[in-house]
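Secondary and tertiary structure notes
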Amino acid sequence: MDTLNLNQPTSRRKFLGNLAIGAATAGVGSLFNPFQAQAGITIDEAMINDADTWFNQIKGKHKIVFDVTEPNGVFPFAWPKIFLLTNEKTGTPAKECNAVVVLRHEAIPYAMKDDLWLKYKFGEVFHADDPKTNAASVRNPFWQPKEGDFQVPGIGNVNIGINELQASGVMFCVCDMALTVYSAVVAQKMNMAPADVKKEWVAGVLPGIQIVPSGVWAVGRAQERGCGYCFAG
């Protein structure tokens, strides 16, 4: 499978070209009108209702949204932990705080199970390395990590797995628009049906992670509910 490096202008042009070809092949219509009801690119009313209800959980004293657009080492997961720890140190328990992590654009594989990382080579496609091997990851390194997987100098072991953060009240969501677009591009490269790949990716979203219409929609909803903004990668 070809890999994509969207940090390079040539690669961005190649990606957009592949995206256009994939969209035409899949019959998804114009990317300038992505909400057309073609090839699964629709905004499900039930999803919107579920997502808006999900955001109503944000009622803490201190609130923040972490905007994660691409793999960025441990930071998208370490920073929510630091937010909770330092608020506890300054007098506000974790249960009185809200941290929302929005996984969008190239960060979407972190919302999915290990078997999809292996099958679709997410580590290569999204340039996501395994912190233990420093090679393209064949697993979701932040889902149910082992004790000792993440060590911070001066602090020691830190529990920054998605499941561990969820247990501390951190909320995670993933962009449906990115799931739709990237699954179509990957499907084309693997000679698979886009609708089948998208369906498998959605089925493989981790427990407790909310699918939202788009990542930017989610960032907006979180800020409307009083969350400060932090770019996390």
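Keep in mind that what you see is a predicted model, and the values were worked out from it rather than measured. (Residues numbered from 1 in each chain as written. Predicted model: local features only at pLDDT ≥ 70, side-chain atom pairs only at ≥ 80, totals over all residues. Heavy atoms only, no water.)

Turning to helix α2 (residues 45-55), its buried residues number three or more, namely Met-47, Ala-51, Trp-54 and Phe-55. Angular distribution of buried residues about the axis of α2 spans 95°; they occupy a single face of the element. When the buried face of α2 is taken as reference, the exposed residues oriented beyond 90 degrees from it are Glu-45 and Thr-53. Elements that come into contact with the buried residues of α2 comprise β2 (97-103), β5 (171-175), α7 (176-189), β6 (210-212) and α9 (215-224). (Buried < 20%, exposed > 50% of the residue type's maximum accessible area, 1.4 Å probe, protein only. Helix = DSSP H or I, 4+ residues; strand = E, 2+ residues; numbered from the N terminus. Arc of directions from axis to C-beta. Contact = heavy atoms within 4.5 Å.)

Further remarks concern the environment of Phe-77. The topology assignment puts Phe-77 in helix α3 (residues 75-89). Of the residues examined, Phe-77 reaches a relative accessible area of 0% and is grouped as buried. Placed 83 residues apart in sequence, Phe-77 and Ile-160 show a C-alpha to C-alpha distance of 5.6 Å. Setting aside residues up to four positions removed in sequence, Phe-77 forms contacts with Tyr-110, Phe-142, Ile-160, Ile-162, Leu-165 and Phe-172.

Turning next to the packing of α2 against α9. Where α2 contacts α9, the two axes come as close as 10 Å, and the packing angle between them is 35°. For α2 against α9, the interelement crossing comes out right-handed. Facing Ile-48, Ala-51, Asp-52 and Phe-55 of α2, the residues of α9 in contact are Trp-217, Ala-218, Arg-221 and Ala-222. (Axes fitted to C-alpha atoms, helices over the stretch in contact; angles between N-to-C directions. Left-handed = near helix turned anticlockwise from the far one by under 90°.)

A few words now on the sheet that holds β6. Strand order in this open sheet of five strands is β6-β5-β2-β1-β7, and the pairing throughout is parallel. At either end of the open sheet lies a strand with only one pairing partner, and these are β6 and β7 (228-231). Within the sheet, the average angular offset between the axes of one strand and its neighbour, ignoring direction, is 25°. Sheet analysis places β2 next to β5, joined by four bridges and oriented parallel. If you follow Val-102 over to β5, its bridge partner there is Cys-173. Against the sheet, α7 engages β5 and β6, with an angle of about 45° to β5. (Pairing = 2+ DSSP bridges.)

This part is about unusual backbone geometry. Although it is not a glycine, His-105 sits at a positive phi angle of roughly 50°. Mapped onto the elements, His-105 comes out in the loop between β2 and α4 (114-120). You will see that Asn-134, though not glycine, has its phi angle at about 60°, which is positive. Its place among the elements puts Asn-134 in the loop between α5 (122-125) and β3 (151-152).

This part takes up the nonpolar core. Leu-103, Ile-108, Phe-172, Val-174 and Trp-201 are the most contacted members of the largest nonpolar core, which totals 50 residues. Of all the elements, α7 adds the most residues to this core, at seven residues. Contact partners of Val-174, with chain neighbours within four places excluded, come to Leu-103, Ile-108, Ala-111, Leu-179, Val-205, Ile-209, Gln-210, Ile-211 and Val-212. Within the second largest apolar cluster, 15 residues are counted, among which are Phe-55, Val-65, Val-212 and Ala-218. (Core = buried A, V, L, I, M, F, W, Y, C linked by side-chain atoms within 4.5 Å.)

It is worth spelling out the layout of surface pockets at this point. Of the pockets and cavities examined, the second largest pocket occupies roughly 210 Å³. Around the second largest pocket, the lining residues are Val-74, Ala-78, Lys-81, Ile-82, Leu-85, Phe-150, Gln-151, Val-152, Ile-155, Val-158 and Ile-160. Contributing elements (two or more residues each) for the lining of the second largest pocket: α3 and β3. Ranked by the residues each element gives to the lining of the second largest pocket, the list is headed by α3, at four residues. Classifying every residue of the lining of the second largest pocket gives nine nonpolar, one polar and one charged. (1 Å grid on protein atoms, 1.4 Å probe; cavity = no way out; pocket = protein on both sides within 12 Å on 5 of 7 lines; lining within 4 Å. Points joined across faces, edges and corners; volume = space filled by probe spheres on them. Nonpolar A, V, L, I, M, F, W, Y, C, P; charged D, E, K, R; others polar.)

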